[in-house]
Every structure is written in C-alpha cells, then in structure tokens.
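Fold and contact review
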Amino acid sequence: MPSQPLEGARPGARAWVALTILCFVYVLNFLDRQLLSILAKPIQDSLHVSDGQLGLIGGLYFALFYCLIGVPVGWLADRANRVWVLSAACALWSAATVACGLSATYPQLVAARMTVGIGEAGGVPPSYAIISDYFPSGRRGRALGLFNLGPPIGQALGVALGASIAAVYGWRSAFVALGAVGVVTAMMVRLVVREPARGGLDARPAGPVAKSGFAATMKMFFTHPTLRLVALASGVTQIVTYGAGNFTTLFLMREKGMTLHEVALYFALVVAVCMGGGIFVSGRVIDRFASRFKPAYALIPAATLAAAVPFFLAFVWAPSWPLALLFLTAPTFLNYFYLSAAVTLVQEEVRPDQRVLSGALLLLVMNLIGLGLGPAFVGAVSDLFRAAHPHHSLQIAFLCLTPFYGLAIGLFLVLARVLQREAARSGAPRVLQA
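From a predicted model like this one, the values you see are computed outputs, not experimental measurements.

1. Notes on the overall build of the protein
- What the protein contains, in helices and strands, is 18 helices and zero strands.
- For 434 residues, the compact-globule estimate of 2.2 N^0.38 gives 22 Å, and the C-alpha radius of gyration of the protein, at 21 Å, lies within 12% of that figure.
- With the principal axes as the frame, the protein shows a C-alpha extent of 65 × 45 × 35 Å.
- Looking at the protein as a whole, 59% of its 434 residues qualify as buried.
- Summarising the internal contacts of the protein: among those between residues at least 6 apart in sequence, 86% fall at separations of at least 24.
- Here the protein has roughly 16200 Å² of accessible surface; of this, 69% comes from carbon and sulfur atoms.
- Of the charged side chains in the protein, 31 are positive and 17 negative, and the gap between their average positions amounts to 6 Å.

Written out as structure tokens, the structure is:
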C-alpha cells in the first residue's frame, strides 16, 4: 500500500530548480528521439530508405532497447544514486545522437539509434522518482505535468532547430549540434541536482522500511489491476501518438506540400502551444479532480481522446497544409492528457522504494506497444499502399490508426470501473464533491 503524505509539506526552491533541470533533460531526451522523424525527408533522400525502414528504426528497433534496458536501470536506480544514473544516461544518449549525424549507411544509423535508446532508458524513470521525492502527494500531478512538458518542448525545438539547421547546413549537422548540447547538460545535472531522501515527503511507517526486490516489484506491478490497465491503455494510446507523430513531418512535406522552413516555423508552433498546453493543463486537471474522485485518472483521458477523433480525421483529409495544421491543433492538445494521469496514478499507487522500477515498467509496456508498434505499423501500411496510391499512402496509413482511438477509450473506461470499485472498497466518495 502507498504511504500517506506528510501534512503541510511544501516544495522549496531546491525542488523547483531540480524540476526545471530535469524538465530540460527531458526536453533533450525527446528532442534527440524525434530528430529522426523531423528530418525523415532529407534522411530518405540521402540514405535511400523506405517508409517501412524509417518506421522500424524510429519505432521497433529503438523501443526494444529503450524498454528492455529501462527495467534493470529502474531497479538499479531504486538502490543507487538516481541523479548519477540520470547524468550518465543523458551523456550516453547525447553522444549517440552525435553518432547518428556521422552515420554513412542505414545499418550505422540503426546502431546509433539503438544506442540512443539504451541511454534514454535511464532518463525518465529516475526523474519520475526524484520529482516524487521533491513534491508531496497532492502536488505531484502538477509537478509531473510540468515535467511532462519535456516532450512537447523537445519536439517543438526539434522541429524548429532541427529543420532550420538541416535547411542551412544539412541533416547531419543538426544531429551533431543538438547531441553536443546534451553532453554538456549531463555534466550540469551531476553538479546542480541533489539526490532527495527516498520517501522523505511520505508518512513514516511504524515498522522497518520495506525494500522490494526486483521480482517482487515486477510481480506487484503486473498483478495489480490498476497498474496493468493504465499501462495497457496508455500503450494503445501511444500507437496513435507515436504512429502519427513519427510521420507527421514527412506527411506534411510529401503529401501536403510544406517545406523545411515552413515546418520549422508553423509546425513547431503547433507542437509547442498545443501539445505543451495540453500536458500542462492535464496536470492541473488531474490534481483538481483525481484527488477527490479517483476514476478521473481514467475518465479524463477517455473523454479527451474521444473529442480528438473527428479533428484527427479532418487533419488527415484536409486538402492543404494550412487547413491540415489548423485541424491538427485539437488532437495535438487532447491526445496527451493520458500521460500526466498515467504517471501520477502509478507514482501514487506504489511505495517510495518501488517508484523508479514501477515507472520503468509503465514505460516498458507503453513504449513496447506504442513506440514499438505505432511507427512500424504506419510505415508498413504506407509501403503496402505506395504502389497503388503513391501520393496518398501515408494518408491511408493515418486513417488505419483510427480504430486504436476506440480501443484506447474502451480500456480507459474499463480502468475507470476498476478505480470506482477500489474507491468504494476503501470508503472514498463515489461522486465528485464540489
């Protein structure tokens, strides 16, 4: 059972400094990860790779290393200095990003991307646990929501900086320059962020502090209905977000007629404002409602995903890129409410000594399903229809993602029923109080 929070605990200046630095590391994490999809068109022209090969290198190949390495790294970080683990991981994935820019062949690029995945496996789970030990229960949703601004900021900067550098100096220079920034940041993490006390903002148990082993935490996670369902629902959601996200820039350029300079400006603004706004708002909404009505952890993602579907279809069918970007603003805002809900729910459900590994297991399930299958699925479908529909194969592939919206919504509704039953058993109110 998770600990009860200490009353009156408030985050100090050190907590906000740590959160800012960790968020910047997450920005670089996602920026480096998304460079491949952002620069897909010039990479295709240079290395002569297909949509399917891009889907594999950006999805399945990356996800296998990112997810499987993340579990032992999470177990290690639950027992070692989490700041050191994060710093070393940042240095590794940043150096591998530089290597991506130096790749002369597709196999070399695959090897470099796999190394990026190994490094990034040690980035997010330790950060979740560090933040949870800097911010008390009741404030973690907002803090984790702010931390989860890393993906939209990283993707927006990747689009803006990556596309701009590539347009002037070539796609290789974008990888080298942005990877070098990460190496410097890794040193800053080690020098500035302090390791917080594990469970320091949770109530002290009456007996000795429990220490879960690797196998015990694994068993707890996969036999816990709430944790299992939230990971599965989030993974199916990521089939849509990663599947479409890894090919959106290529879709806008190849089928909607955008240039790299237009992508660097207009698409970057959509990602920064809408995706960033959605994740920021979701953290506040989760703190506002879920603390008093636990099923909100599932109902909020279900509602926002349902609202996103018609706008996603309009984006795919839009006849021009300005209209497509206009419709894209809504799903870009709504698609990511699940993230703050899932991360916060997992961190609240487990003990302090299980948080890093549980966060790693959440990412394992989410990314093996979403990142592993989403881009590979879109790339394969596009290749399948490329001969018959050479100008609209990605449009068809995007339309084939729509059923996954329905599956994700259904899973979140099932999770809501499980949370409602748990709340009823624990004596929590069944309806939201004003």
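Still more to cover.
2. A few points about helix α15 (residues 337-349)
- For α15, spanning 13 residues, the distance from its first C-alpha to its last is 19 Å, which sits close to the expected 18 Å at 1.5 Å a residue.
- For α15, the buried fraction is high: 13 of the 13 residues fall into the buried class.

3. Topic: the nonpolar core
- In terms of nonpolar packing, the biggest core is built from 141 residues, with Leu39, Phe315 and Phe398 touching the most fellow members.
- Among the elements that line this core, the one with the most residues is helix α11 (residues 225-254), at 15 residues.
- With residues up to four places along the chain from it excluded, the contact list for leucine 39 reads Gly162, Ala163, Ala166, Trp171, Ala174 and Phe175.
- Core analysis: the second largest hydrophobic core is formed by five residues, Val73, Ala77, Val85 and Val356 among them.

4. Focus on unusual backbone geometry
- Even without being glycine, histidine 48 reaches a positive phi, approximately 60°.
- With respect to the helices and strands, the residue histidine 48 is situated in the loop between α2 (40-47) and α3 (51-77).

5. Quick look at a nonpolar patch on the surface
- On the surface, Val17, Phe24, Val181, Met188, Leu191 and Val192 cluster together to form a nonpolar patch covering roughly 520 Å² of accessible area.
- Every element with two or more residues in the nonpolar patch is listed here: α1 (13-38) and α9 (171-192).
- Take the nonpolar patch: its biggest share by element is four residues, from α9.
- Within the secondary structure layout, valine 192 lies in helix α9.

6. Here we look at the pattern of salt bridges
- This structure, assessed with the given rule, holds seven salt bridges.
- Close ionic contact of aspartate 133 with arginine 82 constitutes a salt bridge, the shortest N to O distance being 2.8 Å. Of this pair, aspartate 133 sits in helix α6 (residues 124-134) while arginine 82 sits in helix α4 (residues 82-102), and the two are 51 residues apart along the sequence. Here the two residues aspartate 133 and arginine 82 agree in accessibility, since each one is buried.
- Linking lysine 294 and glutamate 349 is a salt bridge whose minimum nitrogen-to-oxygen distance equals 2.6 Å. Of this pair, lysine 294 sits in the loop between α12 (260-289) and α13 (296-317) while glutamate 349 is found in helix α15, placing the two residues 55 residues apart along the sequence.
- For lysine 294, a relative accessible area of 25% puts it in the partly exposed group.
- Through salt bridges with shared partners, a single network forms among Asp51, Arg254 and Arg386.

7. Description of the environment of phenylalanine 327
- Relative to the helices and strands, phenylalanine 327 is located in helix α14 (residues 321-334).
- Placed 18 residues apart in sequence, phenylalanine 327 and leucine 345 show a C-alpha to C-alpha distance of 31 Å.
- In this structure, phenylalanine 327 is in contact with Phe311, Ala314, Phe315 and Ala318, ignoring residues within four places of it in sequence.

8. Quick notes on the side chain of serine 132
- With respect to the helices and strands, the residue serine 132 is situated in helix α6.
- A distance of 3.0 Å separates the side chain of serine 132 from the side chain of glutamine 347, its partner in a polar contact.
- When sequence neighbours within four positions are dropped, the list of residues in contact with serine 132 reads Arg140, Gln347 and Arg355.

9. A short note on the state of the cysteines
- According to the stated counting rule, one finds zero disulfides in the structure shown.
- Unpaired in terms of disulfides, cysteine 100 finds its nearest cysteine sulfur in cysteine 90, a separation of 15 Å.
- Accessibility expressed as a relative area gives 0% for cysteine 100, which makes it buried.

10. What about the confidence of the model for the protein?
- Counting all residues, the mean pLDDT for the protein is 85, and 92% of those residues have values of 70 or more.
- No element of the protein has a lower mean pLDDT than helix α7 (residues 140-147), at 78, and none a higher one than α13, at 96.
- Within the model, the stretch residues 1-8 combines pLDDT values under 50 with 18 contacts to residues more than four positions away or in other chains.
- In this model, residues 429-434 is a region of pLDDT below 50 whose contacts with residues beyond four sequence positions or in other chains number 10 contacts.

11. A short note on the environment of valine 193
- Locating valine 193 in the fold gives a position in the loop between α9 and α10 (214-223).
- Counting along the chain gives 177 residues from valine 193 to glycine 370, while the straight-line C-alpha distance between them is 31 Å.
- Setting aside chain neighbours within four positions, we find valine 193 in contact with Ala18, Ile21, Val83 and Met188.

12. Here's the deal with α12
- Over its 30 residues, α12 runs 41 Å from end to end, which matches the ideal 44 Å to within 8%, given 1.5 Å per residue.
- Along α12, the largest kink reaches about 25° and is centred on phenylalanine 267.

13. Examining the packing of α11 against α13
- Look at α11 against α13: their axes get within 13 Å of each other, and the N-to-C directions meet at 25°. Taken together, α11 and α13 sit at an angle that is classed as roughly parallel. Crossing hand, α11 versus α13: left-handed. Only Leu305, Phe312, Phe315 and Val316 of α13 make contact with α11, whose side of the interface consists of Thr237, Ala244, Thr248, Phe251 and Leu252.
- Looking at the contact of α11 with α13 residue by residue, the classes come out as seven nonpolar, two polar and no charged.

Cut-offs used in this document
Per-chain numbering applies: the sequence of each chain, read as written, is numbered from 1 onward. Owing to the predicted nature of the model, reporting of local features is limited to residues with pLDDT of at least 70; listing and counting of side-chain atom pairs is limited to 80 or more, with chain, interface and lining totals taken over all residues. With hydrogens and water excluded, all non-hydrogen atoms of the structure serve as input to the side-chain values. Helix numbers and strand numbers start at the N terminus; a helix is a DSSP run of H or I with at least 4 residues, a strand a run of E with at least 2. Taken over C-alpha atoms, the radius of gyration is set against a globule rule of 2.2 Å times the number of residues to the power 0.38. Each residue gets one of three labels from its accessible area relative to the maximum for its type: buried under 20%, exposed over 50%, partly exposed in between, using a 1.4 Å probe on protein chains only. Any two residues whose heavy atoms approach within 4.5 Å at even a single point are treated as in contact. A 1.4 Å probe and the Shrake-Rupley method give the accessible areas. Residues count as covered only by the protein chains that appear here. Asp and Glu count as negative and Lys and Arg as positive, but His and the ends of the chain are not part of the count. Charge placement uses NZ in Lys and CZ in Arg. For Asp and Glu, CG and CD serve respectively. Multiplying one less than the number of residues by 1.5 Å gives the expected span of a helix. Joining through side-chain atoms within 4.5 Å is the link that ties buried Ala, Val, Leu, Ile, Met, Phe, Trp, Tyr and Cys residues into a set, and such a set is a nonpolar core. Excluding any residue in a salt bridge, patches collect residues exceeding 30% relative accessible area, merging like charges within 9 Å and nonpolar Val, Leu, Ile, Met, Phe, Trp and Tyr side chains within 5 Å. Salt bridge, as applied in this entry: a Lys or Arg side-chain nitrogen positioned within 4 Å of an Asp or Glu carboxyl oxygen. N or O atoms within 3.5 Å of each other form a polar contact, as long as, within protein, one can give a hydrogen and the other can take it, and as long as residues adjacent in sequence are counted only when both atoms are side-chain atoms. Any two cysteine sulfur atoms lying within 2.5 Å of each other are counted as a disulfide. The predictor's confidence in any single residue is recorded as pLDDT, a number from 0 to 100. Fitting axes to the seven residues ending at a residue and to the seven starting there, one defines the bend at that residue as the angle between these axes. Think of each axis as a best-fit line through the C-alpha atoms, taken over the contacting stretch in the case of a helix, with angles from 0 to 180 degrees between the N-to-C directions. Comment on the angle field: the value is read as roughly parallel under 35 degrees, roughly antiparallel over 145, roughly perpendicular from 65 to 115, and oblique elsewhere. By the definition used in this description, the sense in which the near helix is turned from the far one sets the handedness, with an anticlockwise turn below a right angle giving left-handed and a clockwise turn giving right-handed. Gly is placed with the polar residues, together with every amino acid not listed as nonpolar (Ala, Val, Leu, Ile, Met, Phe, Trp, Tyr, Cys and Pro) or charged (Asp, Glu, Lys and Arg).

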